[in-house]
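Chain and residue survey
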Amino acid sequence: MKKIVLALLLLTSLSAIKAHAQMEAAQKIKWDIEKSVDISMPLEMTWEVFNNNDLLKKASNGYVSAVEVLDANPPVSRKIVFSNGGNRVENITQNEPHNKLMAIDFADTNLPKGIKSAEFAIFLKDKNGKTNVTWRGMVKGDAEAKKALVTQLTAEFDSYATGLDKMTKKSIPAAKMN
């Protein structure tokens, strides 16, 4: 009987340790960048923009000059060419149409000097017929390189916010009034 009680105590303590370890892993992510904007565009249409390379380029408001898919197999690898001549290779690690979530990380071979890793996520939510677009980014590396990349990503996200807003403005021809 003592052996059974001892075994039960051992199993109970092991499961408690495992549960504690899982709780520690579920800590809240601290993002380095968080930008949010409401766009006068329906959710499904906005989601389509982020999944269509031509529309994504247009939504960048001139910040991006080309989006080229390098490997269409998950994780989708693509090359973003910026208007200033720079480029970035990134991998779409999550693309969840049902949650309107896209997670993207930078290819290791394309990380700026001093950066260990960089990733960002795009979250879309319906907001009474409009769409709330939230960009969140996380950069790991030395302080100076991190600051420079955060500044670059913030400018990129701002360009997308402006470009998406411009895409919602429709030119309506003036009607002739009698």
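For the structure, see preceding data.
None of the values given here were measured: they were computed from a predicted structure. (Residues numbered from 1 in each chain as written. Predicted model: local features only at pLDDT ≥ 70, side-chain atom pairs only at ≥ 80, totals over all residues. Heavy atoms only, no water.)

Comments concerning helix H2 (residues 43-51)
All of the buried residues in H2 are Leu-43, Thr-46, Trp-47, Val-49 and Phe-50. Looking straight down H2, one finds that the buried residues subtend no more than 150 degrees of arc, so they occupy a single side. (Buried < 20%, exposed > 50% of the residue type's maximum accessible area, 1.4 Å probe, protein only. Helix = DSSP H or I, 4+ residues; strand = E, 2+ residues; numbered from the N terminus. Arc of directions from axis to C-beta.)

Section: the nonpolar core
Residues Phe-50, Ile-122, Val-133, Trp-135 and Leu-164 are the most contacted members of the largest nonpolar core, which totals 35 residues. With nine residues, helix H4 (residues 143-168) is the largest single contributor of residues to this core. Residue contacts for Leu-164: discarding those within four places in its chain leaves Ile-39, Met-41, Val-49, Phe-50, Ala-59, Val-133 and Trp-135. (Core = buried A, V, L, I, M, F, W, Y, C linked by side-chain atoms within 4.5 Å. Contact = heavy atoms within 4.5 Å.)

Concerning the side chain of Arg-78
Of note, Arg-78 is situated in strand S3 (residues 76-82). Engagement of the side chain of Arg-78 in a polar contact is seen with the side chain of Glu-90, the distance being 2.7 Å. (Polar contact = N/O pair within 3.5 Å; in protein donor to acceptor, adjacent residues only side chain to side chain.)

Brief notes about the sheet that holds strand S1 (residues 33-39)
The pairing of strands in a sheet happens through backbone hydrogen bonds and is either parallel or antiparallel. If you trace the seven strands from one edge of the open sheet to the other, you get S1-S7-S6-S5-S4-S3-S2, paired in antiparallel fashion. Taken across any chain shown, the strands that pair with only one partner, and hence form the sheet edges, are S1 and strand S2 (64-71). The mean angle between the axes of side-by-side strands here comes to 25 degrees, regardless of whether they run parallel or antiparallel. Bridge count between S2 and S3: six bridges; the pairing is antiparallel. Following the sheet pairing, Glu-68 is matched in S3 by Lys-79. Of the strands in this sheet, S3, strand S4 (87-96), strand S5 (101-106), strand S6 (115-127) and strand S7 (130-141) touch H2, which is tilted by about 155 degrees from S6. On top of the sheet, H4 reaches S1, S2, S3, S4, S5, S6 and S7; it is set at about 5 degrees to S1, its chief contact. (Pairing = 2+ DSSP bridges. Axes fitted to C-alpha atoms, helices over the stretch in contact; angles between N-to-C directions.)

Regarding the environment of Lys-35
You can see Lys-35 is positioned in strand S1. Residue classification places Lys-35 among the partly exposed positions, given a relative accessible area of 27%. Note: C-alpha distance between Lys-35 and Ile-122 (87 residues apart in sequence) is 9.8 Å. When sequence neighbours within four positions are dropped, the list of residues in contact with Lys-35 reads Val-133, Thr-134, Trp-135, Thr-154, Phe-157 and Asp-158. Side-chain polar atoms of Lys-35 contact the side chain of Asp-158, separated by 3.0 Å.

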